[in-house]
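# Structure at a glance
Here is how the chains run, residue by residue.
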Amino acid sequence: MTEFSKSGQTASDLRERPEGGAGESEGAQRPSEQTRADKAAAAAIRRYQGRKVLNRVSGIDACGGCGRRVLDPETGVIYARSTRGYVVTIGLVRCGRIWFCPECSGAIRRGRTEELKTGALRWLAAGGTLAVVVLTARHNRTHELARLAAAMWGAPMLDADGAPVRDRNGKPRRVPGAYQTMLTDPRFYGRPEAVSWWERKDGSFGHSVRAAEQGIRHRIGYAGMVRASEVTRSLEHGWHPHTNGLVFLGGKVNGTPAKGKVAGYFTPGGDALEEWEDWLRELWTGALAKADPEFTPSTDCYTRDCKCEGKGHGVMVKLITSADDEALIEYLTKVQDGKAPAASVRADLDAASGAAMETTRADNKSYRGQSMTPFQMLYRLHDLEVARLKPARAEGYGTAAQCRIWWAEYESAMAGRRAIEWTRGLRGHVQLTGDDSDETNKAFVFEQDKNQELTGGVILTRDAHDKVVDGDAELHMQDVIKTESYDTAADVVVDLGGRADHVRVATAEQLARVQADLYERVNAKARKRRSEQQVAEWMAKYKPAKSALAAPVEAVNLLAHIRAARHALTVQ
Ligand SMILES: [Zn+2]
Ligand SMILES: [Zn+2]
């Protein structure tokens, strides 16, 4: 077991290692023996199994209902076959949580990767340069994930009683992490021109001007960065949160990266890039040391031939100047199934990821050693508790009880954090709109089903669907649809104790109509919710300061008004 945890072992070492030992998963085949489609199908089934476990173990309500709760009881749930032969399930609530849900995460990361790929390609095509930056902290088994995450990415500011501290607009304030410190450091950011005034003894005013100072960002042409954050957990070293950043360099930015415009492009010089890397390593290390000396990453390394080149394992920088970057983008957002990175950049990626044992895929890469992604905790719970495999045959490591505890810790530490974030203004520099919001993430989840052309399928009532869910028979139902044996769908439901007349076979035209109605109703609901929310926000904003008094005063006035009106009537 210790063999797997040797320091200096790279991710590719782990990949090449012959299978065996506790990390092996049941039914795992060598990649070369599997076709891409098979791999994708196997990964989809794994994500489904993980989501089913999530439904049971999650403390987050949305995750408890993902893929289970019915969106619109009037419509029920559609199981349909697409023209491309996929099975599409329509009409279910989805959680849209990239950190927690294997199924939603797959869809969101796919969408986010497309966006990022577009941005990165446009930047390179225009003459810009990209850099991959991997940021990590030193960690061991005793460190809580919440504290590590706070040190790296910040945390809500709390007062002595543990209540959130708010700013003047009522927005919760945050304590910056090392990442936020990095983006605002004056050495990097530079200083704007500053004018100071003073009064002379004779009452007149003097002033002095401190000229604007350029920062490192000007010299490297920094226009912004995208960060994709990840967490893994190893048996030996505990939680391992890390950030994979894609930094946009070589832009002549007029104004700030957030609000300015890119007026042209240049190739950043070697000296400037070195200055940037040195500063980054010093700042990152210092910021983590300040949060907790135990988190201080190494800044040198004496492992022979280590890929960090003696620079230590807290910060790794790798420049990208060619458009041969499909693997690079994947490296950053780790999404698609069965899509191998291009060979030419594989070496670069291994170099960038090797020394710190970075993950290259958060959601579908399996660690053969004693390290696992959080989703693998869900998969292990499935293997142990649903498939009833022997612990040595199950994916990942740990007892079921440990996996539950680790998962709960992971949920509470990561809830409310963004997994993928673009710095302000960067999307505009590559002619993209869009945002990092949860709403957009959810749109990615629903879009995948929305754009499918359907050939036929069945519609289940909520009761029938509940039977399928409770019987873990979703995959069985999918097989029925895939083979177009729609008439047997009712048998499946009956076998599970449901009613045959709660299953309706539908043609493509019927499905299209039901689907259109469903989207209309769901959209109407969403519109109503949004407008109610806006009214509530408006009310909160314009509530008079002495609101407690307002109602009685108005009531008194009204009574006086009525009395006056009555009096006027009686007088007449
Ligand atoms: Zn979900
Ligand atoms: Zn090293």
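Presented here is an overview of the structure given in this document. (Residues numbered from 1 in each chain as written. Chains lettered and ligands numbered in written order. Predicted model: local features only at pLDDT ≥ 70, side-chain atom pairs only at ≥ 80, totals over all residues. Heavy atoms only, no water.)

## Brief notes about the overall build of the protein
What counts here: Secondary structure counts use DSSP, requiring at least four H or I residues in a row for a helix and at least two E residues in a row for a strand, with both numbered from the N terminus. Only protein chains enter the accessibility calculation, which uses a 1.4 Å probe; a residue whose area is less than 20% of its type maximum is buried, one above 50% is exposed, and one in between is partly exposed. Throughout, the Shrake-Rupley method with a 1.4 Å probe supplies accessible areas, and for residues the shown protein chains are the sole cover considered.
Looking only at helices and strands, one finds 20 helices and 16 strands in the protein. Classification of the 572 residues of the protein by burial places 46% in the buried group. Surface accessibility of the protein: about 29500 Å² in total, with carbon and sulfur atoms responsible for 52%.

## Observations regarding the coordination of the zinc ion (ligand 1)
Applicable threshold: Sodium, potassium and calcium take a 3.2 Å donor cutoff, other metals 2.8 Å, and in both cases only N, O and S atoms count; water is not among them, so sites may look incomplete. By the criteria applied here, four donors are tetrahedral when all angles lie between 85 and 135 degrees, four are square planar and six octahedral when opposite donors are over 155 degrees apart and every other angle lies between 65 and 115, and any other arrangement is irregular.
Distances from the zinc ion (ligand 1) to its protein donors, Cys66 (SG), Cys95 (SG), Cys101 (SG) and Cys104 (SG), fall at 2.2 to 2.4 Å. Bound by 4 donor atoms, the zinc ion (ligand 1) shows angles of 106 to 117 degrees at the metal and therefore tetrahedral coordination geometry. Mapped onto the sequence, the residues coordinating the zinc ion (ligand 1) show the spacing C-x28-C-x5-C-x2-C. Of the two residues, cysteine 95 and cysteine 104, both sit in the buried class.

## Points about the sheet that holds strand E2 (residues 87-90)
For clarity, the cut-off: In this description, strands pair whenever DSSP reports at least two bridges between them. Axis definition: a line fitted to C-alpha atoms, over the contacting stretch in the case of helices. Angles run 0 to 180 degrees between N-to-C directions. Every residue pair with non-hydrogen atoms within 4.5 Å of one another is taken to be in contact.
The strand order E2-E1-E15-E16 describes an open sheet built from 4 strands, whose pairing is antiparallel. Edge positions in the sheet fall to E2 and strand E16 (503-507), since each of these pairs with one other strand and no more. Each strand of the sheet is rotated relative to its neighbour by a mean of 20 degrees, with strand direction disregarded. Helix H16 (residues 462-470) rests against strand E1 (77-82), strand E15 (454-460) and E16 of the sheet, and its axis sits at about 95 degrees to E15.

## Section: helix H2 (residues 36-57)
In plain terms, the rule: Given the number of residues in a helix, its expected span is that number minus one, multiplied by 1.5 Å.
Its 22 residues give H2 an end-to-end C-alpha distance of 31 Å, which sits within 8% of 32 Å, the value for a rise of 1.5 Å per residue. Buried within H2 are the following residues: Ala43, Arg46, Arg47, Tyr48, Gln49, Gly50, Arg51, Lys52, Val53, Leu54, Asn55 and Val57. Along its buried surface, H2 packs onto helix H3 (61-65), helix H4 (102-126), helix H12 (374-386), helix H13 (400-414), H16 and helix H17 (474-482).

## Re the packing of helix H5 (residues 145-153) against H13
The line we're drawing: Roughly parallel covers angles under 35 degrees, roughly antiparallel covers those over 145, roughly perpendicular covers 65 to 115, and oblique covers all other angles. For a crossing to be left-handed, the near helix must be turned anticlockwise from the far one by less than a right angle; the clockwise case is right-handed. Gly counts as polar in this scheme, as do all residues outside two lists: the nonpolar Ala, Val, Leu, Ile, Met, Phe, Trp, Tyr, Cys and Pro, and the charged Asp, Glu, Lys and Arg.
Remark: H5 packs on H13, axes separated minimally by 9 Å, with the N-to-C direction vectors making an angle of 30 degrees. Looking at the two axes, H5 sits roughly parallel to H13. As for how H5 packs across H13, the hand of that crossing is right-handed. Only Glu409, Tyr410, Ala413 and Met414 of H13 make contact with H5, whose side of the interface consists of Leu145, Ala146, Ala149 and Trp153. A per-class count over the contact of H5 with H13 returns 7 nonpolar, no polar and 1 charged.

## A look at H12
The terminal C-alpha atoms of H12, which comprises 13 residues, lie 18 Å apart, in line with the 18 Å expected from a rise of 1.5 Å per residue. Across the 13 residues that make up H12, a large majority, 11, are buried. Of the positions making up H12, those classed as buried are Pro374, Phe375, Gln376, Met377, Leu378, Tyr379, Arg380, Leu381, His382, Asp383 and Leu384. The secondary structure elements touched by the buried residues of H12 are H2, H4, strand E8 (224-234), strand E9 (238-249), strand E13 (371-372) and H13. Two residues or fewer past H12, arginine 388 is found with a positive phi of approximately 55 degrees.

## Quick notes on a positive patch on the surface
Rules: Patch membership is restricted to residues that have no salt bridge and whose relative accessible area is over 30%. Joining uses 9 Å for like charges and 5 Å for the nonpolar side chains Val, Leu, Ile, Met, Phe, Trp and Tyr. Basic side-chain nitrogens of Lys or Arg form a salt bridge, by our definition, when they fall within 4 Å of a carboxyl oxygen of Asp or Glu. Asp and Glu are treated as the negative residues and Lys and Arg as the positive ones, with His and the ends of the chain left uncounted. For charged residues, the charge sits on one atom: NZ in Lys, CZ in Arg, CG in Asp, CD in Glu.
On the surface, a cluster of positive charge is made up of Arg97, Lys442, Lys525, Arg529 and Arg530. No other element matches the 3 residues that helix H19 (residues 508-542) contributes to the positive patch. You can see arginine 529 is positioned in helix H19.

## Overview of the pairing of strand E10 (residues 251-254)
Every regular strand shows the same layout, with side chains that alternate between the two sheet faces. Burial of E10 is one-sided: the residues Gly251 and Val253 facing one way are buried, the residues Lys252 and Asn254 facing the other way are not. Direction of pairing for E10 relative to strand E11 (residues 261-265): antiparallel, over a ladder of 4 bridges. Opposite asparagine 254, over in E11, you have lysine 261 as the bridge partner. Connecting E10 to the antiparallel partner E11 that follows it, the hairpin turn spans 6 residues, and glycine 255 within it adopts a positive phi of roughly 90 degrees.

## Focus: a nonpolar patch on the surface
The grouping of Val195, Trp197, Phe205 and Val209 at the surface amounts to a nonpolar patch, some 450 Å² of accessible area in total. Mapped by element, the contributors of at least two residues to the nonpolar patch are strand E6 (194-199) and strand E7 (205-210).

## Some remarks on the side chain of arginine 233
One can find arginine 233 in strand E8. The buried charged residue arginine 233 lacks any salt bridge partner; its closest oppositely charged side chain belongs to glutamate 409, at an N-O distance of 5.9 Å.

## Quick notes on the pattern of salt bridges
Between side chains of opposite charge, pairing is possible as soon as their charged atoms come close. With the rule as written, the count across this model stands at 27 salt bridges. Between lysine 52 and aspartate 472 there is a salt bridge, with its nearest N and O atoms 2.9 Å apart. Here aspartate 472 lies in the loop between H16 and H17 and lysine 52 lies in helix H2, a separation of 420 residues in the sequence. The partly exposed category is assigned to aspartate 472, whose relative accessible area is 45%. Note that arginine 281 and glutamate 277 form a salt bridge whose closest N and O atoms lie 3.1 Å from each other. One end of the pair is arginine 281 and the other is glutamate 277, both in helix H9 (residues 270-291) and 4 residues apart, which spans about a single turn.

## Re the environment of alanine 401
On the secondary structure map, alanine 401 appears in helix H13. In this structure the C-alpha to C-alpha distance between alanine 401 and proline 391, which are 10 residues apart in sequence, comes to 12 Å.

## What to know about the packing of aromatic side chains
Heads up, the rule is: Working definition: a ring pair exists when centres of Phe, Tyr or Trp rings (six-membered ring for Trp) sit within 6.5 Å. Plane angles under 30 degrees give stacked, over 60 give edge-to-face, the rest tilted. Note on geometry: a ring has a charge over it if NZ (lysine) or CZ (arginine) is within 6 Å of the ring centre and within 35 degrees of the ring normal.
Throughout the structure, instances matching the rule amount to 11 aromatic pairs. The ring of tyrosine 189 is capped by arginine 217, whose NZ or CZ atom sits 4.6 Å from the centre of that ring. Over the ring of tryptophan 239 we find arginine 233, and its NZ or CZ is 5.7 Å from the ring centre.

## What about unusual backbone geometry?
One non-glycine residue, glutamine 431, adopts positive backbone phi at about 55 degrees. Tracing the sequence through the fold places glutamine 431 in the loop between helix H14 (426-429) and helix H15 (438-450). With relative accessibility at 58%, the residue glutamine 431 sits in the exposed group. Of note, the phi angle at glutamate 484 is positive, near 60 degrees, even though the residue is not glycine. Overall, glutamate 484 belongs to the partly exposed group, its relative accessible area being 45%.

Spatial relationships are all this shows, so hold off on functional conclusions.
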